[in-house]
Amino acid sequence: MRGIRVWARLLGLARAVVEDVWMTADGAVVVAARPTARERDRCPFCRRRCPGYDLGEGRRRWRALDLGTTFAYVEADAPRVACRRHGVVVAAVPWARHDSWFTQTFEDQAAWLAVNASATAVARLMRTSWRAVGGICRRAADEARAQRDLLAGLRRIGVDEISVRKGRSYLTVVVCHDSGRLVWAAPGRDRKTVEKFLDLLGDDRCARLELVACDMADWITRPIAERCPGATVCLDPFHVVKLATDALDEIRREVWNEARRAGEVALAKELKGARFALWKNPENLTPRQQLKLAHIQRINQRLFRAYLLKEHLRQIYRVDPGDAAGVLNASLKWAWRCRLAPFVKLARTIRDQRPGIEAALRNQLSNARTEQINTQIRLITRRGFGYHSQEAVIALAMLSLGGLCPPLPGR
Ligand SMILES: [Zn+2]
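Let me sum up the structure you'll find in this document. (Residues numbered from 1 in each chain as written. Predicted model: local features only at pLDDT ≥ 70, side-chain atom pairs only at ≥ 80, totals over all residues. Heavy atoms only, no water.)

1. Quick word on the coordination of the zinc ion
For a metal bound by four donors in tetrahedral geometry, the ideal donor-metal-donor angle is 109.5 degrees, whereas six donors in octahedral geometry ideally sit at 90 or 180 degrees.
So, step 1. Protein-derived ligands of the zinc ion are Cys43 (SG), Cys46 (SG), Cys83 (SG) and His86 (ND1), with the metal-ligand distances lying across 2.1 to 2.3 Å.
So, step 2. Each of the four donor atoms bound to the zinc ion contributes to angles spanning 105 to 116°, and the resulting shape is tetrahedral.
So, step 3. Read N to C, the donor residues that coordinate the zinc ion are spaced as C-x2-C-x36-C-x2-H.
So, step 4. Residue Cys83 is classed as buried on the basis of its relative accessible area of 7%. (Donors = N, O, S within 2.8 Å, 3.2 Å for Na, K, Ca; no water. Tetrahedral: all angles 85-135°; square planar, octahedral: opposite > 155°, others 65-115°. Buried < 20%, exposed > 50% of the residue type's maximum accessible area, 1.4 Å probe, protein only.)

In structure tokens form, the structure reads like this:
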């Protein structure tokens, strides 16, 4: 390979002919190219060959991956074609996605990085803005979703809401319980959003759903009951354990406030620092946290009792499914008598939601699994805020957790 064709390889240009190469005044490399004859005059949406329409806005540049530390661009004509289905559109080019100012290799690398590193790291390394990376993730996710049907063969799903921007807006997410993958996400948490998902799924696939795990909110359970006749609605174990953890935290705050008011500074400080030790699963505690817990047992019986209640309830998802109902009964009996208001309230909720809880047990939904899925989604959405738009959060979540992340180019 000699001369000008080397540039096609350097910039990862396939199905294109390089016409010229030059350096700009500020030291960037520009490679002028055109699509090969086979690739010309194609609609970017259906890839069909179309009659030419006009020259569009003339020459156009796409940012390519840097060559070492040098900026690189592909330059080409951007004529418009008249597609029978899609109207007048800028013709597709083989090196870039439709409506993008970056080459596909640039976008694939940026999207891969966005999945694997922080927003700041991606923007600095790729020498572009957060907003641009958000747009790149969106295009990469849209393309992958168009090529792969994530909703095929769904049987057991979880539907949940995720709070973004500290509760100022919400996403509804759908997870496949068999693969652990995120299969759908959209802004909003209301009946309309759930119905949008069911519309997309279609009647046939709705009828084939066997299990829907959720937090039993009406806006999820009603449309599911109406349109998915074969689906059992379960109370997601993650939510049951979270209710118990919340009740425990309420007691911790009470005890802490009492200590503060009584002027017991050392005790108050200790209780404040104990949050993680109380909250974590005991099998994951560090030796220091174990000591902290032992200390709480000595100094505050009420708080320690609340901790034991939480742990007892968590056991229903760890024992043999056959024993779970017995453990749940024991748990409830204890909670009713414990004289800790938040846990009495919890016992009432559990009593009301019991059919959903038992359905989850019957179907062997484990809390470890649901917790893992929820934690992952929350981490990714939090990282996605860096890109400043809800669409970018969704795109990043789909790339990371829907298994849609593009491979790194050229390897
Ligand atoms: Zn078309």
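Having seen it, we continue.
2. Examining the sheet that holds strand 5 (residues 70-77)
So, step 1. If you trace the four strands from one edge of the open sheet to the other, you get 1-2-5-4, paired in mixed fashion. Two strands in the sheet have a free side with no partner beyond their single neighbour: strand 1 (16-23) and strand 4 (59-67). Strand-to-strand twist of the sheet, defined as the mean angle between neighbouring strand axes without regard to direction, takes the value 25°. (Pairing = 2+ DSSP bridges. Helix = DSSP H or I, 4+ residues; strand = E, 2+ residues; numbered from the N terminus. Axes fitted to C-alpha atoms, helices over the stretch in contact; angles between N-to-C directions.)

3. Considerations on empty space enclosed by the protein
So, step 1. Inspection of the entire model under this criterion finds three cavities of 30 Å³ or more.
So, step 2. Where the lining of the largest cavity is concerned, the elements lending two or more residues are strand 8 (156-164), strand 9 (169-176) and helix 15 (367-384).
So, step 3. Ranked by residue count, the leading element in the lining of the largest cavity is helix 15, at four residues.
So, step 4. What the second largest cavity holds in volume is close to 60 Å³.
So, step 5. Surrounding the second largest cavity, Ala244, Leu309, Lys310, Leu313, Ser331, Leu332, Ala335, Phe343, Leu346, Ala347 and Ile350 form its lining.
So, step 6. Those elements that place two or more of their residues in the lining of the second largest cavity are helix 11 (301-314), helix 12 (321-337) and helix 13 (341-352).
So, step 7. Looking at the lining of the second largest cavity element by element, the count peaks at four residues for helix 13. (1 Å grid on protein atoms, 1.4 Å probe; cavity = no way out; pocket = protein on both sides within 12 Å on 5 of 7 lines; lining within 4 Å. Points joined across faces, edges and corners; volume = space filled by probe spheres on them.)

4. Concerning the environment of Ala341
So, step 1. Examined against the element boundaries, Ala341 turns out to sit in helix 13.
So, step 2. The class of Ala341 is exposed, set by a relative accessible area of 58%.
So, step 3. Each C-alpha atom, one on Ala341 and one on Asp246, is 12 Å from the other, the two residues being 95 residues apart in sequence.

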